[in-house]
Amino acid sequence: MTESLAQSVVHHLRWIMQKDLLGQDVFLIGPPGPLRRSIAMQYLELTKREVEYIALSRDTTETDLKQRREIRDGSAFYLDQCAVRAATEGRILVLEGLEKAERNVLPVLNNLLENREMQLEDGRFLMSADRYDKLLQEHTKSELDAWKIVRVSEDFRVIALGLPVPKYSGNPLDPPLRSRFQARDVYHLPFKDHLQLLYSIGSNVSTERISQLLSFATTLCSQESSTLGLPDFPLDSLSAAVQILDSFPMMSVQHVIDRLYPYHLFLGKEGKTAVKDMLKRFELQDSEKHLFPRKITRVESVHGKKPFKADVTVQIGEKEVTFQVPAGTGMLKNHSRSDTFIRTSSHNQLLAEMMQSHMVKDMCLIGGKGCGKTVIAKEFADILGYSIEPIMLYQDMTARDLLQQRYTLPNGDTAWRPSPLVTAALEGKLVVLDGIHRINPGTLAVLQRLVQDRELTLYDGTRLLREDRYQNLKEELQLSDEKLQKRSIFPIHPSFRIVVLAEPPVIGSSTQQWLGPELLTLFLFHNVRSLSKSEEIEVIKQMIPNVPSVAVEKLLSVTHKLRETNDTTAQSLASFLSTRQLLRICRRLSQHPDESLYAAVNKACLSRFLPNLARSALHKNLQDSGIETSPDDTEKLEGKDCTCEINNGILKIGSVTMPIYNSAEKMKVPDVLFYENAQHMMVMEDMLKDFLLGEHLLLVGNQGVGKNKVVDRFLHLLNRPREYLQLHRDTTVQSLTLQPSVKDGLIIYEDSPLVKAVKFGHILVIDEADKAPTNVTCILKTLVESGEMVLSDGRRIVANHAHVEGRENVIVIHPDFRMIVLANRPGFPFLGNDFFGTLGDIFSCHAVDNPKPQSELAMLKQYGPDVPEAILQKLVAAFGELRNLADQGIINYPYSTREVVNIVKHLQKFPSEGLANVVRNVFDFDSYNNEMREILYNTLHKYGIPIGAKPTNVQLAKE
């Protein structure tokens with residue numbers, strides 16, 4: 001309850017009371033935000049009623065509502081869930097988010113709502129109070145118990161909270177369900193009431209500015225705005241905005257509005273103009289005298305009564321303002337020079353703004369791939385002494401993955417294990433939810449109450465309460481902590497905070513426009529812009545001091561040229577050159593200064609597999625910035641003879657050396673038939689350079705160009721054991737990390753190759769990475785980037801030993817662990833997902849190609865020593881031309897070395913067969929596609945391979 005109730009709220013409460021007296025169930029419908037829930041809870045507080053709360057999501061099933069099966073001591077029994085408990089104990093059932101539940105789940109409740117009756121799974125029958133009382137007059141209580149009839153209390157009511165669905169997204173209400181509820185439209189607070197509320201919060205802000213702000217927000221929620229396609233303004237977040245302005249009265253209001261409603265990120269051109277016009281109309285535009293926060297000048301911990309608080313001083317304009325924010329459980333770290341975070345002015349400003357938001361609410365950082373969101377969140381946590389809990393969100397994540405998972409105890413009993421999010425809430429960590437743009441919005445709904453009210457009800461009935469509410473409860477009921485914990489009630493730590501990371505929404509796209517009215521009410525949004533050129537140079541030079549500065553200048557001029565154009569092709573190229581990728585190129589240049597920049601940029605963009613248009617655009621932009629490939633460079637490459645040799649335990653490929661690994665597990669070291677050729681040796685030399693820099697590798701190429709052979713040969717030369725994972729369509733996050741098996745009736749999880757490789761420092765080779773759904777492979781990102789990952793059995797992988805002390809279930813990443821990922825190139829005729837597009841950023845990419853004609857010929861001679869050289873030359877020439885046709889897009893299938901090798905093997909074994917006959921082993925796949933067949937046959941005839949020759953193909957000389 002609040003001290004003073006707004007009139008509109010009193011009306012709502014009176015209406016609910018009327019319905020309660022009539023014994024009817026109510027449905028509060030209205031725009032997104034915490035208001036409907038708080039009205040329902042206020043009513044229950046006034047009338048001192050007990051509540052059963054459930055947040056519905058797309059994973060809710062009837063077992064979550066009625067009864068769930070549990071196993072104890074080897075026998076199964078049923079445990080009542082919220083609807084049944086509420087009915088029998090006479091509580092109020094609050095159902096939140098009806099539009100999130102899948103169709104046909106909620107009809108389970110129809111009969112309970114109408115007649116107060118329900119048949120339960122365990123054979124009991126719930127019966128309405130008056131019918132039960134009638135039966136009691138004729139029968140004894142023990143008879144009714146024997147018939148398993150249970151009385152539904154006359155105090156049982158249902159309050160449902162939902163959004164109106166044609167306007168917002170979700171499942172529409174089922175007519176039979178809708179008819180059982182009495183509806184009440186709970187719109188935002190009326191202007192007058194809301195204004196009073198904001199005045200009481202922001203006593204330092206002029207009343208005029210507050211009313212302008214509220215008028216602007218209300219206009220954006222009006223009917224006219226929604227016809228323009230503008231999402232609702234999150235009116236409930238206004239109190240947070242006014243709180244910030246209260247501490248910073250001199251700050252620009254428009255700047256705060258951008259945080260509540262980052263319209264430049266999710267609106268198209270017309271939408272942006274509409275919002276700007278409104279800002280003008282309500283005189284909220286920035287003038288010269290309004291200021292922005294510049295940087296954080298001091299952070300000090302508060303001594304005395306308030307633990308977990310810090311005093312932060314932020315410079316704004318010429319003034320400094322000090323305010324209090326929640327702090328973490330660790331030590332505050334004042335501006336120490338950390339080696340991985342270089343403070344630039346834009347990051348200083350961003351961190352200062354984040355401090356302001358942190359004072360009032362959870363926040364969301366929006367920025368492109370590889371622009372430093374994770375690093376900024378980490379730095380923010382370090383300043384305030386938080387420990388971070390990174391949680392990677394993926395598309396098919398369920399609400400259970402977020403909150404609690406089922407598992408079995410050693411004796412076979414079922415139990416619940418809290419997720420990292422819940423333990424972080426209890427311990428007061430900073431949770432970083434990475435990739436909110438990927439997760440299904442229906443799953444996210446379970447977090448709304450946690451974000452808005454800091455309350456959470458888990459599947460096993462545990463309740464987490466906000467710290468002050470927990471203390472009130474303790475004093476009111478005179479209970480000790482132990483007794484409350486026996487009843488599964490726990491306080492949420494006061495310093496717990498959530499920071500969400502996301503990529504910008506794609507404007508105008510139906511699927512990737514994730515930033516809707518519901519999400520807007522949850523967070524304050526900060527846009528992480530990509531660095532300016534001078535800042536990026538500063539970052540690179542401080543992180544990698546000995547990088548040649550000429551190269552950096554050229555590299556950044558081309559990157560910023562690509563970032564600033566309006567051409568979509570160029571912008572897609574720019575996404576390959578994120579800050580993260582630039583740092584990788586520069587790290588490599590600082591070790592090998594004589595390498596050509598041209599090759600480095602082409603490698604980062606994987607230009608070998610780009611469409612022609614994009615490739616020429618890249619080439620042109622590189623030339624404009626003075627990065628080109630000189631003819632003597634290419635000659636040097638082709639003339640360079642790459643050999644490999646091993647001298648007393650040191651492997652040398654080309655010009656790079658590395659000591660050979662001393663491995664105990666000899667049987668895991670691959671050993672393959674491999675004929676050396678210059679092309680593949682060059683790829684291996686390149687891989688070795690990156691290996692020495694500690695990179696994880698990604699090899700991309702067409703089928704049959706020898707990716708697996710190159711990797712296996714490479715590991716054989718280094719004497720490294722490998723773990724092998726093959727991905728496919730049905731790979732799940734679970735199967736990547738653990739393989740369950742049943743032993744003596746218990747589920748036992750065995751480590752997957754990924755976990756073994758991490759533990760023992762083997763090389764993990766992930767094959768066919770493009771076949772698995774991208775949301776699954778995203779899990780690799782946290783492993784590579786932050787070196788953290790939570791396994792589905794509750795263990796966690798961590799990067800450095802410092803985090804391990806005193807924690808069980810922790811696996812430390814072995815320093816020798818590396819990943820090598822193999823994938824086919826993106827695009828038709830390959831049917832995989834675009835692995836490179838989503839994760840190419842994290843790996844060092846290598847394009848693997850067919851060997852050049854000379855090396856291919858030398859290789860074929862080794863496969864078929866007895867095959868006449870003339871025939872081998874014909875084959876090499878013909879296939880060379882077919883590959884050119886495939887690169888130009890004239891034919892779809894890229895004919896590779898694997899096909900030629902198979903032909904040669906056949907000729908070696910059966911020399912008497914004609915060449916034309918053997919070649920059909922490869923080309924019969926195309927024999928039913930007429931156009932394709934024509935092109936193929938003509939090409940092969942040109943090189944004198946008479947496949948499918950007809951009399952018409954014979955051309956006689958003229959007399």
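Worth saying up front: this structure is predicted, and the values here are computed from it rather than measured.

Participant: Could you clarify how one ought to interpret the overall build of the protein in this entry?
Facilitator: Of the regular secondary structure elements, the protein holds 43 helices and 36 strands. The C-alpha radius of gyration computed for the protein amounts to 33 Å, which stays within 12% of the reference 30 Å derived for 959 residues, consistent with globular compactness. With respect to the principal axes defined by its C-alpha atoms, the protein has extents near 115 × 75 × 65 Å. When burial is assessed residue by residue, the protein has 53% of its 959 residues classed as buried. Contacts in the protein between residues at least 24 apart in sequence constitute 72% of all its contacts with a sequence separation of at least 6. Positive and negative side-chain charges of the protein, numbering 113 and 120 respectively, have mean locations separated by a distance of 1 Å.

Participant: Whenever I open this one, the sheet that holds strand β11 (residues 293–301) confuses me. Can you help?
Facilitator: Sheet strands associate in pairs through backbone hydrogen bonding, adopting either a parallel or an antiparallel arrangement. Here 3 strands make up an open sheet; going across it, the order is β11-β12-β13 and the pairing antiparallel. Here the strands that pair on one side only, and so sit at the sheet edges, are β11 and β13 (319–326). When strand polarity is set aside, the average angle formed by the axes of neighbouring strands in this sheet is 25°. Direction of pairing for β11 relative to strand β12 (residues 309–316): antiparallel, over a ladder of 7 bridges.

Participant: So what exactly am I meant to see when it comes to the packing of helix α25 (residues 533–543) against helix α26 (residues 549–564) here?
Facilitator: The description of two helices packed together rests on the angle between their axes and the distance between the axes. Contact pair α25 / α26: the axes reach a minimum separation of 10 Å and the direction vectors enclose 140°. Comparing the axis directions of α25 and α26 gives the class oblique. Here α25 and α26 pass one another in a crossing that is right-handed. Here K533, E536, I537, I540 and K541 of α25 lie close against α26, whose contacting residues are S549, V552, E553, L556, S557, H560 and R563. Its residues assigned to classes, the contact of α25 with α26 shows 4 nonpolar, 3 polar and 5 charged.

Participant: Quick question: what am I supposed to make of the environment of K852 here?
Facilitator: By the secondary structure assignment, K852 is in the loop between β36 (844–847) and α39 (853–863). For K852, a relative accessible area of 37% translates into the label partly exposed. Along the chain, K852 and P505 lie 347 residues apart, while their C-alpha atoms are 43 Å from each other.

Participant: Please explain helix α4 (residues 82–89) as it appears in this structure.
Facilitator: One full turn of an α-helix is made of 3.6 residues, so residues set three or four places apart face in the same direction. Where α4 is concerned, the buried positions are C82, A83, V84, A86 and A87. Positive phi shows up at G90, right after α4, with a value of about 75°.

Participant: What should I look at first to understand the environment of E89 in this one?
Facilitator: As for its placement among the helices and strands, E89 is situated in helix α4. Under the relative-accessibility criterion, E89 is labelled exposed at 51%. Along the sequence, E89 and V152 sit 63 residues apart, while their C-alpha atoms lie 7.7 Å from each other.

Participant: Even after reading the chapter, I still don't get the nonpolar core, so can you show me in this structure?
Facilitator: Generally speaking, soluble globular proteins have nonpolar side chains that are buried together. Within the largest apolar cluster, 180 residues are counted, with the highest numbers of intra-cluster contacts made by F216, F233, Y261, I436 and F523. Not counting chain neighbours up to four residues away, the residues in contact with Y261 comprise L220, L230, P231, D232, F233, P234, F266, V275 and L520. Core analysis: the next-biggest nonpolar cluster, separate from the first, contains 31 residues, Y863, I903, L915 and M932 among them.

Participant: Help me understand the pairing of strand β26 (residues 656–659), please; the structure alone is not making it clear to me.
Facilitator: If a strand is regular, its side chains alternate between the two faces of the sheet. Only one face of β26 is buried: it carries V656 and M658, and the other face, with T657 and P659, is open. Count of turn residues in the strand β25 (residues 650–653)/β26 antiparallel hairpin: 2 residues, of which G654 carries a positive phi of about 60°.

Participant: Hey, could you run me through the domain arrangement of the protein in this one?
Facilitator: Note: interface size is frequently given as the accessible area lost on complex formation between the parts. Splitting the protein by domain gives domain 1 (7–185), domain 2 (191–282), domain 3 (293–527), domain 4 (533–628), domain 5 (644–847) and domain 6 (853–943). Just the C-alpha atoms count here: the centres of domain 4 and domain 5 sit 26 Å apart. In this complex, domain 4 contributes 17 residues to the contact, which on the side of domain 5 involves 20 residues. Buried area between domain 4 and domain 5, summed over both chains or domains, comes out near 1,700 Å², and the portion from carbon and sulfur atoms is 54%. The tally of links from domain 4 across to domain 5 stands at 8 salt bridges. Linking R584 and E695 is a salt bridge whose minimum nitrogen-to-oxygen distance equals 3.0 Å. For the pair domain 4 and domain 5, the interface holds 11 residue pairs in polar contact (both at pLDDT 80 or more). Taken together, the elements giving at least two residues each to the side of domain 4 that touches domain 5 come down to α27 (568–576), α28 (579–591) and α29 (597–605). In terms of residue count, the dominant contributor to the side of domain 4 that touches domain 5 is α28 (6 residues). Of the residues that constitute the side of domain 4 that touches domain 5, the class distribution is 5 nonpolar, 5 polar and 7 charged.

Participant: What am I meant to see in the side chain of H762 here?
Facilitator: With respect to the element layout, H762 can be found in the loop between α35 (753–760) and β31 (763–767). Looking at H762, its side chain comes within polar contact range of the side chain of E723, at 3.1 Å. Not counting the four nearest positions on each side in its chain, H762 is found in contact with E665, K668, P721, E723, A757, D816, F817 and R818.

Participant: I keep staring at a nonpolar patch on the surface and nothing clicks. Help me out?
Facilitator: Among the surface-exposed residues, V742, I747 and Y749 lie close enough to one another that they form a single nonpolar patch of about 290 Å² accessible area. Among the secondary structure elements, I747 is positioned in strand β30 (residues 746–751). Relative accessible area serves as the criterion here: at 43%, I747 is assigned to the partly exposed category.

Participant: Explanation requested: the sheet that holds strand β27 (residues 697–701) in the structure shown.
Facilitator: Strands sit in the order β28-β31-β35-β27-β36 across an open sheet of 5 strands; the sheet is parallel. Of all the strands in the sheet, the pair left with one neighbour each is β28 (722–726) and β36. On average, each strand axis in the sheet is inclined to that of its neighbour by 20°, with strand direction left out of account. In the sheet, β28 pairs with β31 via 5 bridges, with the strands oriented parallel.

Participant: For this particular structure, what's the right way to read the environment of A574?
Facilitator: Here A574 shows up in helix α27. For A574, a relative accessible area of 8% puts it in the buried group. When the C-alpha atoms of A574 and G944 are compared, they prove to be 46 Å apart, with 370 residues separating the residues in sequence. Other than its neighbours up to four places away in sequence, A574 contacts L562 and R563.

Parameters at a glance
- Residues numbered from 1 in each chain as written.
- Predicted model: local features only at pLDDT ≥ 70, side-chain atom pairs only at ≥ 80, totals over all residues.
- Heavy atoms only, no water.
- Helix = DSSP H or I, 4+ residues; strand = E, 2+ residues; numbered from the N terminus.
- Rg over C-alpha atoms; globule rule 2.2 N^0.38 Å.
- Buried < 20%, exposed > 50% of the residue type's maximum accessible area, 1.4 Å probe, protein only.
- Contact = heavy atoms within 4.5 Å.
- Lys, Arg positive; Asp, Glu negative; His and termini not counted.
- Charge placed at Lys NZ, Arg CZ, Asp CG, Glu CD.
- Pairing = 2+ DSSP bridges.
- Axes fitted to C-alpha atoms, helices over the stretch in contact; angles between N-to-C directions.
- Parallel < 35°, antiparallel > 145°, perpendicular 65-115°, else oblique.
- Left-handed = near helix turned anticlockwise from the far one by under 90°.
- Nonpolar A, V, L, I, M, F, W, Y, C, P; charged D, E, K, R; others polar.
- Core = buried A, V, L, I, M, F, W, Y, C linked by side-chain atoms within 4.5 Å.
- Domains from an automatic or database assignment.
- Buried area = accessible area lost by both parts, 1.4 Å probe.
- Salt bridge = Lys/Arg side-chain N within 4 Å of Asp/Glu carboxyl O.
- Polar contact = N/O pair within 3.5 Å; in protein donor to acceptor, adjacent residues only side chain to side chain.
- Patch = residues over 30% accessible without salt bridge, like charges linked within 9 Å, V, L, I, M, F, W, Y side chains within 5 Å.
- Areas by Shrake-Rupley, 256 points an atom, 1.4 Å probe, with all protein chains shown as cover.

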